Amino acid sequence: MTTFTELLLGGLSIGSVYALIALGFVVIFKATEVVNFAHASLLLAGGYVTALLHDDIGFWGALAVGIAGAALVGAAVEFLVMRRYRGSDHSVLAIVTIGVDILLTTELTRRIGTDVLALGDPWGDRVVTIGDITIAQTRIAAFVAAALLITAFLLAFRYTSWGVSMRAAAENPETAALMGVRLGRVSLAAWAVAGALAAVAALFLTVFPTPGLERATSLAALKAFPAAILGGLDSTTGALVGGLIVGVTEAFATGYQGELSFLGRGIGDLAPYLVMVLVLLLRPAGLFGTKEPARV
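Residues numbered from 1 in each chain as written. Predicted model: local features only at pLDDT ≥ 70, side-chain atom pairs only at ≥ 80, totals over all residues. Heavy atoms only, no water.

Novice: Explain a nonpolar patch on the surface residue by residue, including any values.
Specialist: On the surface, Phe37, Ile95, Ile98 and Ile102 cluster together into a nonpolar patch covering about 370 Å² of accessible area. You can see isoleucine 102 is positioned in helix 4 (residues 90-112). (Patch = residues over 30% accessible without salt bridge, like charges linked within 9 Å, V, L, I, M, F, W, Y side chains within 5 Å. Areas by Shrake-Rupley, 256 points an atom, 1.4 Å probe, with all protein chains shown as cover. Salt bridge = Lys/Arg side-chain N within 4 Å of Asp/Glu carboxyl O. Helix = DSSP H or I, 4+ residues; strand = E, 2+ residues; numbered from the N terminus.)

Below you can see the structure in the form of structure tokens.
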């Protein structure tokens, strides 16, 4: 029972981080109806800036600059690249984001090289013990930070003028534009918010018990992609639920890998994608996604 509880808590913690990344996918999709495959490079950019500066200006200052830097990179991608293709087919825009991701990730991995960079977090390798249950302080911090950020985003999405504009643009962009909604600003803000969320996620993906930021860190964004898909690409609630499902699934599949040896090695990495496929077979739009109306 102790193992089960530790795996559940760890899964919820890492799942909340996946939810932050998935929320970035959803924000951009709701604003532009484009699947952003450059999200991994935004995550790597935020983590790299934080790792580069923490010795000089301290952890919290470096984290703030890393978040701002990732937001700025996201906004620059939208303004300099995506806006030039406005009006193109959404599949073309998705392919453009793949090209952007290749360019940014190649440059960042060139800079990182074979190093493993520490982000200078204040938690270190400290753990919290409650009875027989042990959990790293970084996992608790990840869950709390993700909960606060997701709550703040949902409140802003519901009650601020930016949130109203984004909901209007997602519902009917042509009508929203006629009503005075600046679609370009909505899109720019969505990319900036997605970059900021990715930078926070990069922190908690690279602290203890992981060794630090490395070239392969950006691949973590691929684990959040099933979370966004199975939750529904146009649902903020779906991003949260999908992230938790993926995190818990991965934790249990990895923790009980010995009992699941008949499925082969590395089942923990594959499990989230299996869950995504099973969900999509039953609900093609995802758990909370909007079903497209069909004429009969």
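Novice: Could you give me a rundown of unusual backbone geometry, with the residues and numbers involved?
Specialist: A cis amide bond links phenylalanine 208 with the next residue in sequence, proline 209, at an omega value of 10 degrees. Residue placement: proline 209 occurs in the loop between helix 8 (183-206) and helix 9 (220-231). In this model, glutamate 33 sits at a positive phi of 60 degrees, which is unusual for a non-glycine residue. For glutamate 33, the position within the fold is in the loop between helix 1 (2-32) and helix 2 (39-57).

Novice: Pulling in residues and values, what's your account of the packing of aromatic side chains?
Specialist: For the coordinates displayed, the defined rule picks out 10 aromatic pairs. Arranged with centres 5.7 Å apart and planes meeting at 45 degrees, the rings of phenylalanine 37 and phenylalanine 225 form a pair that is tilted. With phenylalanine 37 in the loop between helix 1 and helix 2 and phenylalanine 225 in helix 9, the pair connects residues that are 188 residues apart, well separated along the chain. Overall, phenylalanine 37 belongs to the partly exposed group, its relative accessible area being 35%. Exposure remark for phenylalanine 225: the relative accessible area of 21% places this residue in the partly exposed category. Geometrically, the ring pair formed by phenylalanine 59 and tryptophan 60 is edge-to-face, given 4.8 Å between the ring centres and 70 degrees between the ring planes. (Phe/Tyr/Trp six-rings, centres within 6.5 Å; stacked < 30°, edge-to-face > 60°. Buried < 20%, exposed > 50% of the residue type's maximum accessible area, 1.4 Å probe, protein only.)

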